[in-house]
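Residues per chain, in single letters:
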Amino acid sequence: GAVVSQHPSRVICKSGTSVKIECRSLDFQATTMFWYRQFPKQSLMLMATSNEGSKATYEQGVEKDKFLINHASLTLSTLTVTSAHPEDSSFYICSARRFVISPLHFGNGTRLTVT
Amino acid sequence: QKEVEQDPGPLSVPEGAIVSLNCTYSNSAFQYFMWYRQYSRKGPELLMYTYSSGNKEDGRFTAQVDKSSKYISLFIRDSQPSDSATYLCAMPENSGYSTLTFGKGTMLLVSP
């Protein structure tokens, strides 16, 4: 149980375009979903916390207008990278948890390359 | 002082060895602890979590927590080449469990 599906696994886009990444909890309802970014050989950097039906909470330094998060249901959250630039190229990973005191379960990540 | 410290490695061992992976933390409020395994270009996979001090065993894996020393360990018995991955420890950032704090991860290489 506790499967989190993330799509797409890899995407290449041109500078200036927008990219949407989906995160689904397949076999449980996620009260909270999280979006992380990971650079090579670095740990996970939390970007934002997303609660169903409310606005996402962004970490300091993360531009909310650039990284749009929508958490429309208890099983789906989306991250849209708007007006992508090459420096946005990274590995984006979502995670979800059932309850407050629950371990996180991660998707398999999305490798974004902006050319 | 960083809240969670973890040696980045790489840690290289021969197949069959016992592996010890460790994290130290500074926030005494941390109450539960997780270990994740991350293969290259994949998301982290939950291995074990524990809410208390002492040992918790699951197959070849044993998680150990020493709250008095603020030290947690993950032991892998009979290590296999398929165990080669980066191992991350994680713990809640605060008593509200709102977010997790991750170590930077230790890369483990198990050679056949």
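Model, not experiment: these values are computed from the prediction.

A. Focus on the state of the cysteines. Under the counting rule described, the total for this entry stands at two disulfides over all chains. Across the disulfide from Cys23 of chain A sits Cys94 of chain A; the S-S distance is 2.0 Å. A torsion of 80° about the S-S bond marks the disulfide between Cys23 of chain A and Cys94 of chain A as right-handed. Highlighted residues: Cys23 of chain A in strand S3 (residues 19-25) and Cys94 of chain A in strand S9 (residues 90-97), separated in sequence by 71 residues. For the pair Cys23 of chain A and Cys94 of chain A, a shared accessibility class is recorded, and that class is buried. Each sulfur of the disulfide joining Cys23 of chain B and Cys89 of chain B lies 1.9 Å from the other. Negative torsions about the S-S bond denote left-handed disulfides, and the value of about -100° found for Cys23 of chain B with Cys89 of chain B makes this one left-handed. Taken as a pair, Cys23 of chain B in strand S3 (residues 19-25) and Cys89 of chain B in strand S9 (residues 85-92) lie far apart in primary sequence, 66 residues in all. Residue classification places Cys23 of chain B among the buried residues on the basis of a relative accessible area of 1%. Cys89 of chain B gets classed as buried once you look at its relative accessible area, which sits at 0%. In this model Cys13 of chain A remains outside any disulfide bridge; the closest cysteine sulfur is found in Cys94 of chain A, 18 Å from its own.

B. Focus on the interface of chain A and chain B. With 22 residues of chain A at the interface, the matching set in chain B holds 20 residues. Counting each side, the surface lost to burial between chain A and chain B is near 1600 Å², with a carbon and sulfur contribution of 59%. Scanning the region where chain A abuts chain B turns up zero salt bridges. Applying the counting rule to chain A against chain B returns four residue pairs in polar contact (both at pLDDT 80 or more). Sorting the residues of the side of chain A that touches chain B by element identifies strand S4 (32-38), strand S5 (44-51), S9 and strand S10 (105-106) of chain A as the ones contributing at least two each. Grouping the constituent residues of the side of chain A that touches chain B by class yields 11 nonpolar, nine polar and two charged.

Cut-offs used in this document
Residues numbered from 1 in each chain as written. Chains lettered and ligands numbered in written order. Predicted model: local features only at pLDDT ≥ 70, side-chain atom pairs only at ≥ 80, totals over all residues. Heavy atoms only, no water. Disulfide = S-S within 2.5 Å. Helix = DSSP H or I, 4+ residues; strand = E, 2+ residues; numbered from the N terminus. Buried < 20%, exposed > 50% of the residue type's maximum accessible area, 1.4 Å probe, protein only. Contact = heavy atoms within 4.5 Å. Buried area = accessible area lost by both parts, 1.4 Å probe. Salt bridge = Lys/Arg side-chain N within 4 Å of Asp/Glu carboxyl O. Polar contact = N/O pair within 3.5 Å; in protein donor to acceptor, adjacent residues only side chain to side chain. Nonpolar A, V, L, I, M, F, W, Y, C, P; charged D, E, K, R; others polar.

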